[in-house]
Amino acid sequence: MTCRYSNTDWLDVLYNSVRRTPGSVTDAARFLTERRGKSIHPESLRAKLRSHEDSISVEMAILLTEWMEEKTGGSEYAKDWMQAMAVEQGLAVDVIPPAPAGGWPDEVAALQAKVMQIAALAGKIAGTTVESLIDGRIDQSEKDALADLFRDARTMLHRAERNLYRA
């Protein structure tokens, strides 16, 4: 039986992120064993990542975040689980990539470009929402798609605000 994991449940997001990181659960378990000085078998880690009953501690999740950030491409998604957890708790957390050192050569042009990207994202959000609501309900894959679009839009808004202040 294939398990489906969402990108709106923080534990699912963490598990998916660990699995897509080079070395996957096996290397993550090795890292945790070395960092904590306590042995954890890859299958024990997998069980903790797949179950809310015997779930992983926040300390271990933060260590896994550190491990993912050290791996190639891992920094792109290492903190996604934190965003999902924040939303579950009524908060919003956004990862904002750093601006180029010294800013953009033309902050006004950078702001204008981001506003256009925000408009394009708003169009995607509207289109995806309309398609999702045709049957009168939103299934998990539709929630996942919309959650990603909402996060992308918020990130772009934060980046545009940064350009505004530097213009």
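Residues numbered from 1 in each chain as written. Predicted model: local features only at pLDDT ≥ 70, side-chain atom pairs only at ≥ 80, totals over all residues. Heavy atoms only, no water.

Let's talk about helix H1 (residues 10-20)
Residues separated by three or four positions in an α-helix point in the same direction, a consequence of the helix having 3.6 residues per turn. Burial of H1 is extensive: eight of the eleven residues sit out of reach of the surface. Of all the positions in H1, only Trp10, Leu11, Asp12, Val13, Leu14, Tyr15, Ser17 and Val18 are classed as buried. Those residues of H1 that are buried are in contact with helix H2 (24-36), helix H3 (42-50), helix H4 (58-70) and helix H5 (80-88). Of the residues that open H1, the one with a side-chain oxygen 3.1 Å from the backbone nitrogen of Leu11 is Asp9. (Buried < 20%, exposed > 50% of the residue type's maximum accessible area, 1.4 Å probe, protein only. Helix = DSSP H or I, 4+ residues; strand = E, 2+ residues; numbered from the N terminus. Contact = heavy atoms within 4.5 Å. Polar contact = N/O pair within 3.5 Å; in protein donor to acceptor, adjacent residues only side chain to side chain.)

Details of the domain arrangement of the protein chain
We note that the domain assignment places domain 1 (10-89) and domain 2 (107-165) within the protein chain. Averaged C-alpha coordinates put domain 1 and domain 2 at centres separated by 27 Å. (Domains from an automatic or database assignment.)

Quick word on the environment of Thr129
By secondary structure assignment, the location of Thr129 is in helix H6 (residues 107-133). Judged by relative accessible area, which is 25%, Thr129 ranks as partly exposed. Linking Thr129 and Leu146, residues 17 residues apart in sequence, is a C-alpha distance of 7.3 Å.

A few points about the packing of H6 against helix H7 (residues 140-166)
At their nearest, the axes of H6 and H7 sit 9 Å apart, and the two run at 160° to each other. Our classification of the angle between H6 and H7 gives roughly antiparallel. Helix-helix and strand crossings are classified by hand; for H6 and H7 the assignment is left-handed. Taken together, the residues that form the contact of H6 with H7 break down as 14 nonpolar, five polar and eight charged. (Axes fitted to C-alpha atoms, helices over the stretch in contact; angles between N-to-C directions. Parallel < 35°, antiparallel > 145°, perpendicular 65-115°, else oblique. Left-handed = near helix turned anticlockwise from the far one by under 90°. Nonpolar A, V, L, I, M, F, W, Y, C, P; charged D, E, K, R; others polar.)

Re the packing of aromatic side chains
A complete count under the given rule lists one aromatic pair for this structure. Aromatic side chains Trp10 and Trp81 sit 5.7 Å apart centroid to centroid with 45° between the ring planes, which places their arrangement in the tilted category. You can see Trp10 sitting in helix H1 and its partner Trp81 sitting in helix H5, a full 71 residues away along the chain. Note on Trp10: relative accessible area 11%, which makes it buried. Since its relative accessible area comes to 2%, Trp81 is described here as buried. The ring of Tyr15 carries Arg19 above its face, with NZ or CZ at 4.6 Å from the centroid. (Phe/Tyr/Trp six-rings, centres within 6.5 Å; stacked < 30°, edge-to-face > 60°. Lys NZ or Arg CZ within 6 Å of the ring centre and 35° of its normal.)

Considering the confidence of the model for the protein chain
Averaged over all residues, the pLDDT of the protein chain is 92; the fraction at 70 or higher stands at 98%. The least confident element of the protein chain is H5, whose mean pLDDT is 92; the most confident is H6, at 97. (pLDDT = per-residue confidence, 0-100.)

Examining the environment of Ser51
Examined against the element boundaries, Ser51 turns out to sit in the loop between H3 and H4. On the basis of relative accessibility, which here comes to 16%, the residue Ser51 falls in the buried class. Each C-alpha atom, one on Ser51 and one on Leu11, is 8.0 Å from the other, the two residues being 40 residues apart in sequence. Engagement of the side chain of Ser51 in a polar contact is seen with the backbone nitrogen of Asp54, the distance being 3.3 Å.

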